[in-house]
Amino acid sequence: MVSAHSAVSVITSKRDGGELDDGQIDWVVDAFTRGEVADEQMSALAMAILLRGMTRREIARWTRAMIESGKRMDFTDLPRPTVDKHSTGGVGDKITLPLAPLVAACGAAVPQLSGRGLGHTGGTLDKLESIPGWRADITVPRMREMLADPKIGAVICAAGADLAPADKRLYALRDVTGTVESIPLIASSIMSKKIAEGTAALVLDVKVGGGAFMKDIGSARELATAMVELGTDAGVRTVALLTAMDTPLGRTAGNALEVAESVEVLAGGGPADVVELTLALAREMVAQAGIHDVDPAEVLADGRAMDHWRAMIAAQGGDPDAPLPTAKHTETLTAVDSGTLTRLDALPVGLAAWRLGAGRARQGDPVQSGAGIEIHAKPGDPVTAGQPLLTLHTDTPDAIPVALETLRDAYAIGPGSAAPTPLVLDRIAP
């Protein structure tokens, strides 16, 4: 049967500012998934979408077509309400690690499908894989068992290849064709996977600032609004927080380093900003799940979240008591002046951690579990000349000079004090 559509007609329609109808969108996504629409044609369409944009209806239909390209998971028969969280990524963003077991301990089921790091932003799965024995790939039946188990209630794992496969192909094209920045394509990429995941509610953490993908609050708000609308239109209760990412979160950037810091948070300690954001997101998640009689701060303080963490790690083959990997080499960067640390930029810290081996340049590259950066002072802290500011960790000492050069202008020390900046900048709800 000859199709009424063609790739060229869809491309030219969007190129000329037209609004794609449902039939065009359904056809082009399906044909691309099957290989009938060539990569260069989808790349041209992605550029047209970047330049011309999409209406709310177009984005919703595009997202639906991406979901329909694969399977959709269903957790509606679980004995507890499901809720998930997604972060757009930043430096030191280990929040998923303490958050998932905390929300599970509050009474929700948390099916957290996560990814690996690329470039300066770390990947949740890379962090967890630094725990001896821990496995990212588990079956859907095993996921269901873990989510239904009142002692676990959460799972953090890799998404299967059959979850929105069209998005996986399109994501790879966007990365090499200068179309990553398209808000309709970012929103549909994130939300197609999250909706296909089958969660009933979703909380989005949209990062804003120098270490984030969205550099200014206007574009972050636009992306958050698009994603909240997509979730709402698909019947998923969705809310977004815009959170600051000019300074790294917490005091570590790197896989095993961030796991250790997350365990500190679960043990009742940890950096104040990590605890603050974990609790802010947890409160949103339990509210979206319809749980109103539990205070996440109490659950974190009394050790229940730690119990769920240990059970979750063990259920995926990990040993929660095993020593974490450490790097073979360290180098400490010290303050040259005394005063107040007025600035510590997230992006160069993330890039330096990546150069030390904590991240990868291409999908499939190996990462060093022990590599990364330990942060000894944050903006607003008083420092004295000679005091340690950052400690670099790596197995490849040849990477240290390049990482130090990356960090050369990453911080500033001055007189007086630094004004505190809020962590949560805005909240976007339907």
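Keep in mind it's a predicted model, so treat the numbers as computed, not measured.

Criteria and thresholds
- Residues numbered from 1 in each chain as written.
- Predicted model: local features only at pLDDT ≥ 70, side-chain atom pairs only at ≥ 80, totals over all residues.
- Heavy atoms only, no water.
- Helix = DSSP H or I, 4+ residues; strand = E, 2+ residues; numbered from the N terminus.
- Rg over C-alpha atoms; globule rule 2.2 N^0.38 Å.
- Buried < 20%, exposed > 50% of the residue type's maximum accessible area, 1.4 Å probe, protein only.
- Contact = heavy atoms within 4.5 Å.
- Areas by Shrake-Rupley, 256 points an atom, 1.4 Å probe, with all protein chains shown as cover.
- Pairing = 2+ DSSP bridges.
- Phe/Tyr/Trp six-rings, centres within 6.5 Å; stacked < 30°, edge-to-face > 60°.
- Lys NZ or Arg CZ within 6 Å of the ring centre and 35° of its normal.
- 1 Å grid on protein atoms, 1.4 Å probe; cavity = no way out; pocket = protein on both sides within 12 Å on 5 of 7 lines; lining within 4 Å.
- Points joined across faces, edges and corners; volume = space filled by probe spheres on them.
- Nonpolar A, V, L, I, M, F, W, Y, C, P; charged D, E, K, R; others polar.
- Domains from an automatic or database assignment.
- Polar contact = N/O pair within 3.5 Å; in protein donor to acceptor, adjacent residues only side chain to side chain.
- UniProt positions renumbered as here; feature names shortened; annotations may be inferred.
- Expected span 1.5 Å × (residues − 1).

This part takes up the overall build of the chain. Of regular secondary structure, the chain possesses 16 helices and 13 strands. In summary, the chain has a C-alpha radius of gyration of 22 Å against a globular reference of 22 Å for 430 residues, a match within 12%. For the C-alpha atoms alone, the extent of the chain along its principal axes is close to 75 × 45 × 35 Å. Per-residue burial for the chain yields a buried fraction of 53% across its 430 residues. Relative to all contacts within the chain whose residues are 6 or more apart in sequence, the contacts with residues 24 or more apart total 79%. In the structure as shown, the chain presents an accessible area of about 17,300 Å², 53% of it carried by carbon and sulfur atoms.

This brings us to the sheet that holds strand S10 (residues 382-383). Pairing is antiparallel across the open sheet formed by three strands, whose spatial order is S10-S8-S12. Lying at the two open borders of the sheet, with one neighbouring strand each, are S10 and strand S12 (411-414). Of the strand pairs in this sheet, strand S8 (residues 339-344) and S10 are connected by two bridges, and their pairing is antiparallel. Bridged to glycine 339 within S10 is valine 383.

Turning our attention to the packing of aromatic side chains. Applying the stated criterion across every chain, the model contains zero aromatic pairs. Sitting over the face of the ring of phenylalanine 32, arginine 169 holds its NZ or CZ atom 4.2 Å from the ring centroid.

Each pocket or cavity is described by its volume, and for the second largest pocket that value is around 670 Å³. What lines the second largest pocket is a set of 27 residues, and nearest its centre among them are Thr247, Asp273, Lys378, Pro379 and Thr421. If you list the elements that add at least two residues to the lining of the second largest pocket, you get helix H12 (272-288) and S8. Looking at side-chain class alone, the lining of the second largest pocket contains 14 nonpolar, five polar and eight charged residues. No fewer than three residues from each of domain 2 (83-322) and domain 3 (329-414) sit in the lining of the second largest pocket.

As far as domains go, the chain holds domain 1 (7-53), domain 2 (83-322) and domain 3 (329-414). A C-alpha centroid distance of 43 Å is found between domain 1 and domain 3.

Attention shifts here to the side chain of glutamate 261. By the secondary structure assignment, glutamate 261 is in helix H11 (residues 255-266). At 3.4 Å, the side chain of glutamate 261 and the backbone nitrogen of threonine 252 are in polar contact. The contact partners of glutamate 261, leaving out residues within four places of it in the chain, are Lys94, Leu249, Gly250, Arg251, Thr252, Pro271 and Val274.

Now for the UniProt feature "domain: Pyrimidine nucleoside phosphorylase C-terminal" (unreviewed entry) in the chain. Within the UniProt annotation, "domain: Pyrimidine nucleoside phosphorylase C-terminal" (unreviewed entry) is assigned to residues 340-414. Here residues 340-414 runs as 27% helix and 29% strand, with 5 Å between its end C-alpha atoms.

Counted at 1.5 Å a residue, the expected span for H12 with its 17 residues is 24 Å, and the 24 Å between its end C-alpha atoms agrees. Among the 17 residues of H12, 13 are classified as buried, and the element is accordingly described as predominantly covered. One or two residues past the end of H12 sits glycine 290, with phi positive at roughly 85°.

To continue, consider the pairing of strand S11 (residues 388-394). Taking burial as the measure, the seven residues of S11 include six buried ones, the bulk of the element. Two elements, strand S7 (residues 329-334) and S11, share six bridges in a ladder whose sense is antiparallel. From the neighbouring strand, threonine 332 faces S11, where its bridge partner is threonine 391. Sheet topology note: the strand S9 (residues 372-375)/S11 ladder contains four bridges and is antiparallel. Bridging from a neighbouring strand, isoleucine 373 pairs with leucine 392 of S11.

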